[in-house]
Amino acid sequence: MTEGLNIAIVGAGIGGLSAALALSARGMNVTVFEGAESPREAGAGLSIPPNALILLKRTSLCAEIEKITTRSQGLTRRTSQGEPISPGSPPVLSYQIHRVELLEMFLGVMKELVRFGHRCTAVEERTTGARLTFANGAVCDADVVIGADGIHSVVQRQIGLTARPTSEGIVAYRGLVQSQKLSWAAKLRGLNMWIGDGRSFICFPVSQGRLINIVAFVPSMRDMEETWFAPGDVETLSGEYGDWDAPVREIIAALEHTFRWGIYDRPPLPYWSKGCVTLLGDAAHPMVPHFGQGAGQAIEDGFALAVLLEHARRDEVPARLQAYQNLRLGRTRGVQTASRLAGRFYRSAAGNPLEQAERMREWMSAAAWIFPYDAEEAAAALR
Ligand SMILES: Cc1cc2nc3c(=O)[nH]c(=O)nc-3n(C[C@H](O)[C@H](O)[C@H](O)COP(=O)(O)OP(=O)(O)OC[C@H]3O[C@@H](n4cnc5c(N)ncnc54)[C@H](O)[C@@H]3O)c2cc1C
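Residues numbered from 1 in each chain as written. Predicted model: local features only at pLDDT ≥ 70, side-chain atom pairs only at ≥ 80, totals over all residues. Heavy atoms only, no water.

Trainee: Sorry if this is basic, but what is going on with the overall build of the chain here?
Mentor: Tallying secondary structure elements over the chain gives eleven helices and 18 strands in all. For the chain, whose C-alpha radius of gyration is 21 Å, the value lies close to the compact-globule estimate of 21 Å for 383 residues. Its C-alpha atoms put the chain at 65 × 40 × 40 Å along the principal axes. Across the 383 residues that make up the chain, the buried fraction comes to 56%. Put simply, 75% of the contacts in the chain that link residues at least 6 apart link residues at least 24 apart. (Helix = DSSP H or I, 4+ residues; strand = E, 2+ residues; numbered from the N terminus. Rg over C-alpha atoms; globule rule 2.2 N^0.38 Å. Buried < 20%, exposed > 50% of the residue type's maximum accessible area, 1.4 Å probe, protein only. Contact = heavy atoms within 4.5 Å.)

Take a look at the structure:
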C-alpha cells in the first residue's frame, strides 16, 4: 500500500518541491534533501505556462498561486528600433512569477519535509529501494529516489547517464528593476520582446507589477559559466543595446545588478529511470530557455509521477517508474526541440518585420500542441 512508500527527493527547486506537493497530497511519505544550507534568495522571473498552472491550481495552493502570478496574453514583439512585429502568433495565455516567491509559497506548506544542508553525493541501489549518501555524512534509505537536482545532476550520473552540453554561443543577462524607476512601466503589460542583430531583449512584470524582469540574449564567443550565480556587468550589457529602442535603454540604465548565464543545450537522455531511481525537471530534460517551459515541464513531471506512484506496492515501483519515463520522454523531447527552434528563430531574426511575423506565426502554430495538456489525466490513463 502507498501509505508505507517512502520517497526521497534530491533537490528543493521548483521541480522537487512541486513533486513533493503532488506526492504528499496523494498520501506518500516524502522527504526532500537540498544541498544549500538554507532557502536561497536566488533567481528572477520565470514563466509558468498554462499546462503547468492548471496542475498547481488543483492543489491547496490555488489561492496563493493566483496572488503571486501575473497573467499575460501572447507576446508583443518589436524590432530593435521599436517597430511592431504583429500579429505574429496565437495569443497563448501565460503566467509570470518571481522564482523566489514561488519557492517561498511551496516552503510555506512543506518546510517540515525539507532537509537543507544535505548535498547528495551517491545513490546506491539495494535489494529493495536505494540508499542515499550526503556530503555531511548522513545516509537515508528510501523506497523511491527522485533526482530533481538540476542541470548538474548527481543522481543522473549515479544511474549511468552523462549529459553532453553544447554552448549555444549566447549569454543571457538576467535582472530585476523596480517599476517605479521606469517612466513607462505603468503602461507595460504582459510579455514584451525586442529582436534584432542576433540579439533579443525580453521584459515582463512580476510581483504584482512592483518589479520588471529582464532577460537579454547576446551572442558570445566566450564559454560562459552555466550557473545562476555569476554576476554580470551592467555597463557591458548597456553597450550591447546602445542604439536600441528607448525603453530597452531605459530599463538597462535602471538596473543595479545583473547576472550572466551561459546557455547550453543538451540532447535528450536515453532513459530516466533505473530500478527505483528516477529523474525529473532539469535533471531529466534540460532545455534552452527560449520557450519558457523549463519550470512548466518540471511541474508536469512531478504531478504525473504522483499519479503513477499512488497505491503502488514496493515491488511495483520499478514498473511504475518505467511507465512515468515512457509517458514523459516523448513529450519533453518535443518541448526541448520547440525550445531549440525558438532560440534559432530569435537569433536569426533577419528580414523585414512582416517576414519575421510570418515565420514566427508558423513556428508558434507548430508548437501549439504543448499548451492544452493535462499531465495528471495523461498519467491516469496509464494506470
Ligand atoms: C538558484 C537558481 C536560480 C534560478 N533562476 C532562474 C531564473 O531567474 N529564471 C529562469 O527561467 N530559471 C531560473 N532557474 C532555473 C529554473 O528554476 C529551472 O530551470 C526549472 O524550474 C526546473 O527546475 P528544477 O527543480 O528541475 O531544477 P533547479 O531549479 O535547478 O533546482 C535543483 C535544486 O537541486 C539542488 N541540488 C543540486 N545538486 C544537489 C545535490 N547534489 N544534492 C542536493 N541538492 C542538490 C539545487 O540547489 C537546487 O535547489 C534557476 C535555478 C536555480 C537553481
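Trainee: What exactly am I supposed to notice about the nonpolar core here?
Mentor: A general tendency of soluble globular proteins is for nonpolar side chains to be buried together. Judged by nonpolar contacts, the single largest core of 76 residues is most densely connected at I9, L23, I48 and F106. Ranked by residues supplied to this core, first place goes to helix α8 (residues 294-309) with nine residues. With near-sequence residues (within four places) excluded, F106 lies in contact with I14, L17, S18, L21, L56 and L61. Counting 28 residues, the second largest nonpolar core, distinct from the first, contains V206, M287, A342 and F345. (Core = buried A, V, L, I, M, F, W, Y, C linked by side-chain atoms within 4.5 Å.)

Trainee: I'm lost on the sheet that holds strand β9 (residues 120-125) in this one. Help?
Mentor: The pairing of strands in a sheet comes from backbone hydrogen bonds and takes either a parallel or an antiparallel form. Across the sheet, which stays open at both edges, the three strands sit in the order β9-β10-β11 with antiparallel pairing between neighbours. Sheet topology places β9 and β11 (139-142) at the edges, where each strand pairs with a single neighbour. On average, each strand axis in the sheet is tilted by 20° relative to the strand beside it, whichever way the strands run. In the sheet, strand β10 (residues 130-134) pairs with β11 via four bridges, with the strands oriented antiparallel. (Pairing = 2+ DSSP bridges. Axes fitted to C-alpha atoms, helices over the stretch in contact; angles between N-to-C directions.)

Trainee: Looking at this structure, I do not really get the pattern of salt bridges. What am I missing?
Mentor: Pairs can form between side chains of opposite charge whenever their charged atoms are close. Enumeration over the complete set of coordinates arrives at 21 salt bridges. For E300, the salt bridge is made with R328, and the minimal N-O distance between the two is 2.8 Å. In this pair, E300 sits in helix α8 while R328 sits in helix α9 (residues 317-347), placing the two residues 28 residues apart along the sequence. When its relative accessible area of 0% is taken as the criterion, E300 is described as buried. Judged by relative accessible area, which is 0%, R328 ranks as buried. Connected through salt bridges with shared partners, the residues R26, R58, E310, D374, E376 and R383 form a single ionic network. (Salt bridge = Lys/Arg side-chain N within 4 Å of Asp/Glu carboxyl O.)

Trainee: Whenever I open this one, the site of the ligand confuses me. Can you help?
Mentor: Close to the ligand lie 31 residues; G15, E34, A44, R174 and D282 are nearest. The separation between a nitrogen atom of the ligand and a polar main-chain atom of G35 is 3.0 Å. Within the contact set of the ligand, an oxygen atom lies 2.9 Å away from a side-chain nitrogen or oxygen of R99. Contact with the protein chains covers 88% of the free accessible surface of the ligand, which is 920 Å². At the level of elements, α1 (14-25), β3 (45-48) and α8 are the ones that each hand at least two residues to the shell around the ligand. It is α1 that contributes the most residues to the shell around the ligand, three residues altogether. (Near = heavy atom within 4 Å. Polar contact = N/O pair within 3.5 Å; in protein donor to acceptor, adjacent residues only side chain to side chain. Areas by Shrake-Rupley, 256 points an atom, 1.4 Å probe, with all protein chains shown as cover.)

Trainee: I tried to follow empty space enclosed by the protein on my own but got confused; where do I start?
Mentor: A water-sized probe rolled over the atoms picks out the places where empty space is left. According to the stated counting rule, one finds two cavities of 30 Å³ or more in the structure shown. Approximately 50 Å³ is the volume attributed to the largest cavity. What lines the largest cavity is I170, G198, R199, S200, F217, H290, G343, Y346 and R347. Those elements that place two or more of their residues in the lining of the largest cavity are β15 (199-206) and α9. Broken down by element, the residue count for the lining of the largest cavity peaks at three residues, all from α9. Counted by class, the lining of the largest cavity contains three nonpolar, four polar and two charged residues. (1 Å grid on protein atoms, 1.4 Å probe; cavity = no way out; pocket = protein on both sides within 12 Å on 5 of 7 lines; lining within 4 Å. Points joined across faces, edges and corners; volume = space filled by probe spheres on them. Nonpolar A, V, L, I, M, F, W, Y, C, P; charged D, E, K, R; others polar.)

Trainee: Would you take a moment to explain the packing of α1 against α8 for this structure?
Mentor: How two helices pack is summed up by the angle between their axes together with the distance between the axes. As a packed pair, α1 and α8 sit with axes 8 Å apart at the nearest point and diverge in direction by 30°. Relative to α8, α1 is oriented roughly parallel. Once α1 is placed against α8, the crossing between them reads as right-handed. Of the residues in α8, those in contact with I14, G15, S18, A19, L21, A22 and L23 of α1 are A295, A298, I299, G302, F303, A306 and L309. Taken together, the residues of the contact of α1 with α8 break down into eleven nonpolar, three polar and no charged. (Parallel < 35°, antiparallel > 145°, perpendicular 65-115°, else oblique. Left-handed = near helix turned anticlockwise from the far one by under 90°.)

Trainee: Hey, could you run me through the packing of α1 against helix α4 (residues 99-110) in this one?
Mentor: For the pair α1 and α4, the least separation of the axes is 10 Å and the interaxial angle reads 35°. Relative to α4, the crossing made by α1 is left-handed. Residues I14, L17, S18, A20 and L21 of α1 pack against R99, L102, L103, F106, L107, V109 and M110 of α4.

Trainee: What's the story with the sheet that holds strand β2 (residues 29-33) in this structure? I'm lost.
Mentor: Strands sit in the order β8-β2-β1-β12-β18 across an open sheet of five strands; the sheet is parallel. The sheet is open, and its two borders are formed by β8 (114-115) and β18 (277-279), each paired with just one other strand.

Trainee: Can you help me understand the environment of G11 in this one?
Mentor: Summarising the element assignment, G11 is placed in the loop between β1 (6-10) and α1. For G11, a relative accessible area of 8% gives the class buried. For the pair formed by G11 and V114, sequence separation is 103 residues and the distance between their alpha carbons is 9.2 Å.

Trainee: Would you mind showing me how to read the layout of surface pockets here?
Mentor: Approximately 380 Å³ is the volume found for the second largest pocket. If you trace the second largest pocket, you find 20 residues lining it, with G43, G175, L176, H257 and F259 closest to the centre. Here the lining of the second largest pocket is built from residues that sort into ten nonpolar, six polar and four charged.

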